Amino acid sequence: MDSFKEKNSAGSTCEFQQNLEILRQIEFFAGLPIETLKIFAYLCARETFASGEHLYSADDDDGQAFYIINGQLELAYDIEGREQTIRSYAPGEFLGGLSLLAPLRRLFALKATQDTECLVLSREKFAKAIEQFPELVPRIFKSVADSIRDWDQQRLFAISEKGLSLEGSVGISAI
Amino acid sequence: MAKPRPPIVKRSIYTWIMGRNTKLQLIVLVLIAVTVFARVLPLEMQKRIINEAIRLSDVDLLILYCGIYLVSVLAASGLKYLITVLQVMISQRTLTRMRKELFAHIISLPLGYFRNTQPGLVVSSLVSELALPANFVGMAVAVPVINLLTLVAFAVYLFFLNAWLAALSLSIYPIVVFLVPLLQRKVNQANKERVDVTRTLSDRIQETISGIHEVHGNAAYAIENDKFGSIADRLYRIRLRWDFFRASIKVSNNFFVSLGPFLIFILGGYLTIQGRLELGALVAFLSAQEKLYDPWKELIEFYQAYQDGNVTYDKTMRYFDSEPEHQLVPPDRPPLQLDGHVDVQNLAFITGDGIRLLDGISFELKPGQHMALVGFSGSGKSTLAQCVGQLYNYTDGHALLGNVEVRELTKKDMAWNMGFVSQAPFIFDGTIEDNLLYSCRAAGNEGDGAGDHYQPSLEDKIQVLHQTGIFVDTLRFGLNAMLDADRDSALVEQLVRVRQNFRKQFGETLANYVEFFDENRYLFHSSVAENLLFGTSRRRDFKTAALAENPYFIAFLEKADLKRPLMELGAELARRTVDILGNLPPEEVFFEQSPIAPDELDEFKHLARQTRRLRLHELAADERHKLLGLALRFSPGRHKTISFPELLERLILEGRSLFKKQVTEDYPDAFAFYDEGEYIFSQTIQNNIFFGKTKTTSTKAQDNIVQSIIQLLIEEDLLETIVGIGMQFQVGSKGDKLSGGQRQKLAIARVFLKSPHLLIMDEATSALDNNSQARIQNFLDRRLKGKATVIAVVHRLDIIKNFDKVAVMKAGKLIEMGGYEQLMAQKGVLYGLIQGKK
């Protein structure tokens, strides 16, 4: 399997440029200048995971963020030996941004439910690169804070629309 | 050993002048005495040549005096050279000694000192600041003595010739002595202002440039130009003043000194006409007077060097004027061997501004007992561990190790008895093995002979690699090493056997991960050069690095229609790489996927600019070679920044068979082409075992691969050999070629290797995955219990069950202490913490 050949015949954009296009559309990186995104695009790696393979398990601190190019991932939680699905992720989704920022033990496990190709960025590389642009750190913080607030707001609307009690279900953005 | 000297920061600059330089300085003094004599002698000869030889028309005398004159001039020059050499020696020796002593002093300062100290300041102090003081020390004896003596000798000689005339011509110097410092003060003042204003100017520029979008947005060019212009004008005025005063020192000095001959002509001429002075004496007088100038100038320069050196020295030393908290080595006894008994009583640590980080802590650990320190972050767990480990000095109470107060122990005593693994361990440049031996070497050095038990064997080293779980990583480094055809030929046969077994057993399962060497296919994970040659050169001029300059190879590229396309590829690769990496520091993480090495970046920056400006054929020959060389390194599987044209792929494949045919005819012995039955020395061990290259960079996949290889290596009894090779892996500056987990494992391994009686681990396994953490915890429980006392600061509460004691901390206090079961049954704070986690 020579993936390079396929890409070449498909068009002349190289992997780096494709990565750059992907990163530009990810909310987490929004607001970062193109010069910085170029470095992230350069540091990203493409990895493939076979169906059933775990990308990480609960309690791991793998320090990786994933963008799904194709395939499907599933977040799962193990309750006394029974695996319960939390949600699944489709191509075009990005997850793991929080673990780029600091050591973080995974609460859930992430596994591939199909053969999946991801763009992977590791915390170590992210940290090295962001070290070069200390002035950008506040923007990253803002993007994380924004996404927590947005998420809380969406839940707030969704739950109150259904007329359910809000108690204990929302308020995460008040941390 | 000599009696202890005061620390370098307490010594004045003058102590450097003699001290260990005394011998050299004395030699200088002797040489000076002779030199001064050799300088005055020609004057006397001059007088005698005119007064005696010429007047009496005595050729013999003329030759004799001229001979003496010549000899003394030669001697004076030779001696002056010798003195300069000695002076340089003294100043360089002093510089080196100052550097070494200051460095030793700085790194012994307490950790707290470094929280407020920029590494950059230490660097500049050690690298550049000490040069001025050392320069002064080199001059300190030679320059004033030789010049003052010369001055005095000439002056005495002048008085001896004619007292009146001498007094008159020397009367100039007091004026200069008064005037020069006066002007110098003005110069210094202007210089200070110049530095300040230059700083303001650069701040101004920085502000304008960083706010450039605002300037454009408002079209505020005139405003910014005014702001900049007014400072530039001020700088202009100050610089003028500075240059004016500097010039006036020089000019007035020159002027007054050249007034000398004028006075002598007027008075001396008059006296000679009157017959009260001989013509020879007048000539000698004029010469002597002129010769006063050089020593005078040197004295003034020395005065400036003294000022600069003294000020810089004081400033530097004052900055580092702190004291180490502990003696480094016990002066009068061997380091103590303590058991691992830890007794902490009422321990407190209060910071300089009165914050109680630890308060009233008491606990006791018998030798071999293990204690987990848990609690909220900021509760003082790490601080307690660091106080027991002597990294910080507790301010009150007691911490006893083997019944000796930790505060009273020297650093060496601690190194002999304690191993400390910090939260963010540091790995130094060097090999894995160097880092593994770091703690042992530190404990065992100093040549006191008693540290010999810190000489671990290969088995010991391999054992700790296993214990800490860095064995497989090291094996992988070994597999990625290249063998040396001369040194390792014995291994080669075994490795070819491993290759055959590998194919049989794993060829199919690992086919997805490996690109096998296949003569008929393009290798996307190999470089263009490897694809073209498909073999290893046996000749120096065909080595990959030299290929782009090898005329035979270039002619071949031309013939294969590859030269221009490859050059174009090289240009594109250079532009792209420079565009992305151009402003990044030379760190491994940025350059591991780059075809350009960090030290070549500047060169390729220039080349990339050139290729934007010029056509390829307009570039200079060496520039084209550089681009060609870059293209030959290109490997599409690794360098993702440009795409690889399919046409080029086909051309290279054709080139491969053309090259083989051509080179076999022209240089039959130059190449060993890849052959499944032969070892390839230009490839890594792993690539040899595969007879191919891995396609993946994912660590998981690589672990799978390594696991498959391990069994095969064991069968051939090669495992330890390859791990031994892996231990020679260079970890890079700050260990940046290792992952965070690998660094942490290595840091634990180096302490395990020392097998200390007290082991302190400050969240030492926080960067490790679950398996590695469990492995290390297992080792602590099974192997170290009863042998070494362990204090572990623990963040994860699921690993504390097997500790003998658990201590729970909150806000600097120990609030609970006991066995795990006991505390859980008690349903106190620990119970709450664990429930909270669940």
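Residues numbered from 1 in each chain as written. Chains lettered and ligands numbered in written order. Predicted model: local features only at pLDDT ≥ 70, side-chain atom pairs only at ≥ 80, totals over all residues.

1. A look at the overall build of chain B
Here's step 1: Broken down by element type, chain B carries 34 helices and 14 strands.
Here's step 2: For 838 residues, the compact-globule formula gives about 28 Å, and the C-alpha radius of gyration of chain B, at 38 Å, lies well above that figure.
Here's step 3: Counting only C-alpha atoms, chain B reaches 115 × 85 × 70 Å along its principal axes.
Here's step 4: Going through the 838 residues of chain B one by one, you find that 35% of them count as buried.
Here's step 5: When contacts within chain B are restricted to residue pairs at least 6 apart in sequence, those whose partners lie at least 24 apart make up 79%. (Helix = DSSP H or I, 4+ residues; strand = E, 2+ residues; numbered from the N terminus. Rg over C-alpha atoms; globule rule 2.2 N^0.38 Å. Buried ≥ 20, exposed ≤ 12 C-beta atoms within 10 Å, placed from the backbone. Contact = placed C-beta atoms within 7 Å.)

2. Description of the pairing of strand β3 (residues 64-70) of chain A
All names here are of chain A.
Here's step 1: In this structure, β3 lies alongside strand β8 (residues 116-122), joined through six bridges in antiparallel fashion. Bridge assignment links Gln64 to a residue of β8, and that residue is Ser122.
Here's step 2: Alignment of β3 against strand β6 (residues 94-95), held across two bridges, turns out to be antiparallel. Pairing of Tyr67 across the sheet is with Phe94, part of β6. (Pairing = 2+ DSSP bridges.)

3. Quick notes on the nonpolar core
Residues and elements named next belong to chain B.
Here's step 1: Counting 169 residues, the largest nonpolar core has Leu373, Val388 and Ala631 as the members making the most contacts within it.
Here's step 2: The dominant element in this core, judged by the number of residues it contributes, is helix α23 (residues 563-581), at nine residues.
Here's step 3: Setting aside residues no more than four positions away along its own chain, Ala631 makes contact with Val528, Leu566, Met567, Leu569, Gly570 and Leu573.
Here's step 4: Leu43, Ala134, Val143 and Ala284 belong to the second largest nonpolar core, which has 40 residues in total. (Core = buried A, V, L, I, M, F, W, Y, C linked by C-beta atoms within 7 Å.)

4. Quick look at the domain arrangement of chain B
Here's step 1: Its domain assignment divides chain B into domain 1 (1-162 + 277-324), domain 2 (163-270), domain 3 (342-472 + 730-837) and domain 4 (530-640).
Here's step 2: Placing a centre on the C-alpha atoms of domain 3 of chain B and another on those of domain 4 of chain B gives a separation of 49 Å. (Domains from an automatic or database assignment.)

5. Focus: the sheet that holds strand β1 (residues 342-350) of chain B
All names here are of chain B.
Here's step 1: Spatial ordering of the open sheet is given by β2-β1-β4-β5, a layout of four strands whose pairing is antiparallel. Edge positions in the sheet fall to β2 (356-365) and β5 (404-405), since each of these pairs with one other strand and no more.
Here's step 2: Here five bridges tie β1 to strand β4 (residues 396-401), and the two strands are oriented antiparallel to one another. Of the residues in β4, the one forming a bridge with Gln345 is His398.

6. Describing the interface of chain A and chain B
Here's step 1: Tallying the contact residues gives 22 residues for chain A and 20 residues for chain B.
Here's step 2: Of all the secondary structure elements, the ones that give two or more residues to the side of chain A that touches chain B are α1 (3-10), α2 (15-24), α3 (34-43), β1 (45-49) and α5 (123-131) of chain A.
Here's step 3: A breakdown of the residues in the side of chain A that touches chain B according to their chemical character gives seven nonpolar, five polar and 10 charged. (Nonpolar A, V, L, I, M, F, W, Y, C, P; charged D, E, K, R; others polar.)

7. Some remarks on the sheet that holds strand β13 (residues 805-810) of chain B
Residues and elements named next belong to chain B.
Here's step 1: Across the sheet, which stays open at both edges, the six strands sit in the order β6-β11-β12-β3-β13-β14 with mixed pairing between neighbours. Of all the strands in the sheet, the pair left with one neighbour each is β6 (418-421) and β14 (813-818). Adjacent strand axes in the sheet meet at a mean angle of 15 degrees when their direction is disregarded.
Here's step 2: Two elements, β13 and β14, share five bridges in a ladder whose sense is antiparallel. Paired with Lys810 across the strands is Lys813, a residue of β14.
Here's step 3: In this fold helix α13 (residues 381-388) packs onto β3 (370-375), β11 (758-762), β12 (789-793) and β13, with an angle of close to 150 degrees to the strand it touches most, β12. (Axes fitted to C-alpha atoms, helices over the stretch in contact; angles between N-to-C directions.)

8. What about the environment of Gly726 of chain B?
Residue and element names in this part refer to chain B.
Here's step 1: Mapped onto the secondary structure, Gly726 falls in helix α30 (residues 719-726).
Here's step 2: Given 25 C-beta atoms within a 10 Å radius, Gly726 is considered buried.
Here's step 3: Distance from Gly726 to Ala608, taken between C-alpha atoms, is 37 Å for residues 118 residues apart in sequence.
Here's step 4: Aside from chain neighbours lying at most four places away, what touches Gly726 is Ile432, Thr474, Leu475, Phe477, Gly478 and Ala481.

9. Re unusual backbone geometry
Residue and element names in this part refer to chain B.
Here's step 1: The backbone of Phe534 sits at a positive phi, close to 50 degrees, despite the residue not being glycine.
Here's step 2: On the secondary structure map, Phe534 appears in the loop between α20 (528-533) and β8 (535-537).
Here's step 3: Unusually for a residue other than glycine, Lys827 sits at a positive phi of about 55 degrees.
Here's step 4: Relative to the helices and strands, Lys827 resides in the loop between α33 (820-826) and α34 (829-837).
Here's step 5: Given 10 C-beta atoms within a 10 Å radius, Lys827 is considered exposed.

10. A look at the domain arrangement of chain A
Residue and element names in this part refer to chain A.
Here's step 1: The domain architecture assigned to chain A consists of domain 1 (3-132) and domain 2 (134-175).
Here's step 2: Taking only C-alpha atoms, the centre of domain 1 and the centre of domain 2 are 22 Å apart.
Here's step 3: In this assembly, 10 residues from domain 1 lie in contact with six residues from domain 2.
Here's step 4: Taken together, the residues of the side of domain 1 that touches domain 2 sort by class into six nonpolar, three polar and one charged.

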